[in-house]
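Topology and contacts: notes
Okay, here's what each chain looks like letter by letter:
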Amino acid sequence: MIEIESVHKSFGKLEVLKGINLTVNKGEVVSIIGGSGSGKSTLLTCINGLEPINSGKIKIDGTEVHAKSTDLNKLRQKIGIVFQQWNAFPHLTVLENVMLAPRKVLGMAKSDAEAIAVKNLTHVGLAEKLSVYPNRMSGGQQQRMAIARALAMSPKYMLFDEVTSALDPMLVGEVLDTLKMLAEEGMTMICVTHEMAFARDVSDRVAFFHQGVMAEIGTPEQLFGAPQNPETQKFLASIR
Ligand code: ADP
Ligand code: MG
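Thresholds applied
Sequence positions are assigned chain by chain, starting from 1 and proceeding in written order. All chains are assigned letters beginning at A, and all ligands numbers beginning at 1, according to the order in which they are written. Confidence filtering applies because this is a predicted model: local features only for residues at pLDDT of at least 70, side-chain atom pairs given and counted only at 80 or more, and all residues used for totals across whole chains, interfaces and linings. No hydrogens and no water enter the side-chain calculation; it runs on all heavy atoms of the structure. Between any two strands, pairing holds if DSSP finds at least two bridges. Going along the chain from the N terminus, every DSSP run of H or I of four or more residues is numbered as a helix, and every run of E of two or more is numbered as a strand. Only heavy atoms matter for contacts: two residues are in contact if any of them lie within 4.5 Å across the pair. An axis is simply a line fitted to the C-alpha atoms; with a helix, the fit covers only the stretch in contact. Between two such axes, the angle follows the N-to-C directions and lies from 0 to 180 degrees. Stacked, edge-to-face and tilted are the three classes for Phe, Tyr and Trp ring pairs, Trp counted by its six-membered ring, which pair at centre distances within 6.5 Å; planes under 30 degrees apart are stacked, over 60 edge-to-face, the rest tilted. To sort residues, take the accessible area from a 1.4 Å probe on protein chains only and compare it with the maximum for the residue type: under 20% means buried, over 50% means exposed, and anything in between is partly exposed. One heavy atom within 4 Å of a molecule or strand makes the whole residue count as near it. Two N or O atoms form a polar contact when they lie within 3.5 Å of each other; inside protein one atom must be a possible hydrogen donor and the other a possible acceptor, and for residues adjacent in sequence the pair counts only when both atoms belong to side chains. Where accessible areas are quoted, they stem from the Shrake-Rupley method and a 1.4 Å probe; at the residue level, only the protein chains shown are allowed to cover. Any carboxyl oxygen of Asp or Glu within 4 Å of a side-chain nitrogen of Lys or Arg constitutes a salt bridge here.

Comments concerning the sheet that holds strand E1 (residues 2-11)
Ordered by their spatial adjacency, four strands build an open sheet running E2-E1-E4-E5, and the pairing between neighbours is antiparallel. Both edges of this open sheet fall to strand E2 (14-24) and strand E5 (63-64), since each of them pairs with a single strand only. Of the strands in this sheet, E1, E2 and strand E4 (55-60) touch helix H1 (residues 40-47), which is tilted by about 115° from E1.

Here it is as structure tokens:
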């Protein structure tokens, strides 16, 4: 499980996270919504230790991410992260791109890494694209490759940061379907998203971030159906 306790994070004088508390249990899907600059991406980068925090604690299965004694490289293997865009290595095929981390980070034998890459690429619907170069694929296919790449490390947790925001509207569905499939398989996930229908359909809980504060969290029914916080109400009204 992921435990976030009173996390404060500043960039210089700018306090970006102002005491975030959130526990994500095994198998749970939590979506984070909120305006631009509210701290959503920063929280994800703190969870996998890409960014230090100023105070508070983040624990992954009981291990404190920011403790000096923590082996961050090892901990990060448990946490897959997919961003809005991932720049694949253009001179490597899709298969080679997905094999890279299992080979380099886990030191896997080539045949094992290949088997895992094929399995995960097949899982996200890219079995036909193994030997293609990334820039020959659509944006939606590239995002599914990025998901396969993260899955190839057998993570326990997946963090998604607006993975459909850079896509043509026509391609959003195929990527959201992939996330939905992972959710249904029981993957524990935190999804920062602008896709309200996705947040409503797939999440166990939805959190609304406003100016570095988790202003509200609840089931999709609660948050979308009867938002309590005026800022949540304003945000939801603005995007409808
Ligand atoms: P969101 O993902 O909700 O749009 P972010 O977490 O990206 O918000 O950013 C929150 C705030 O932190 C913004 O004001 C942003 O400009 C600032 N910020 C994010 N990353 C950095 C950084 N590396 N250095 C300085 N400021 C940053
Ligand atoms: Mg962001």
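So, next bit.
With respect to the packing of aromatic side chains
Counted according to the given criterion, the structure contains one aromatic pair. Summarising the aromatic geometry, the rings of Phe208 and Phe235 are spaced 5.2 Å apart at their centres and angled 40° between planes, so their arrangement reads as tilted. Of this pair, Phe208 sits in strand E9 (residues 205-210) while Phe235 sits in helix H9 (residues 230-239), placing them 27 residues apart in sequence. There is no split in this pair, since Phe208 and Phe235 are both buried.

Here we look at the site of ligand 1
As a structural note, the neighbourhood of ligand 1 is formed by Phe11, Leu14, Val16, Gly35, Ser36, Gly37, Ser38, Gly39, Lys40, Ser41 and Thr42. Here an oxygen atom of ligand 1 sits 2.8 Å away from a polar atom, N or O, in the side chain of Ser41. Taken by itself ligand 1 offers 560 Å² of open surface, and the protein chains cover 58% of this. Breaking the shell around ligand 1 down by element, the ones donating at least two residues are E2 and H1.

Overview of the pattern of salt bridges
When the charged atoms of two side chains with opposite charge come close together, those side chains can pair. The final tally for this structure, using the stated rule, is seven salt bridges. Measuring nitrogen to oxygen at the nearest pair gives 2.8 Å for the salt bridge that ties Glu174 to Arg144. You can see Glu174 sitting in helix H6 (residues 169-184) and its partner Arg144 sitting in helix H5 (residues 139-151), a full 30 residues away along the chain. Taking relative accessible area as the criterion, Glu174 reaches 24% and is therefore assigned partly exposed. Lys234 is paired through a salt bridge with Glu231; the nearest N and O atoms lie 3.6 Å apart. On the criterion of helical spacing, the pair formed by Lys234 and Glu231 is a turn pair, its members being three residues apart in helix H9.

None of the figures reported here should be taken as evidence of function without further support.
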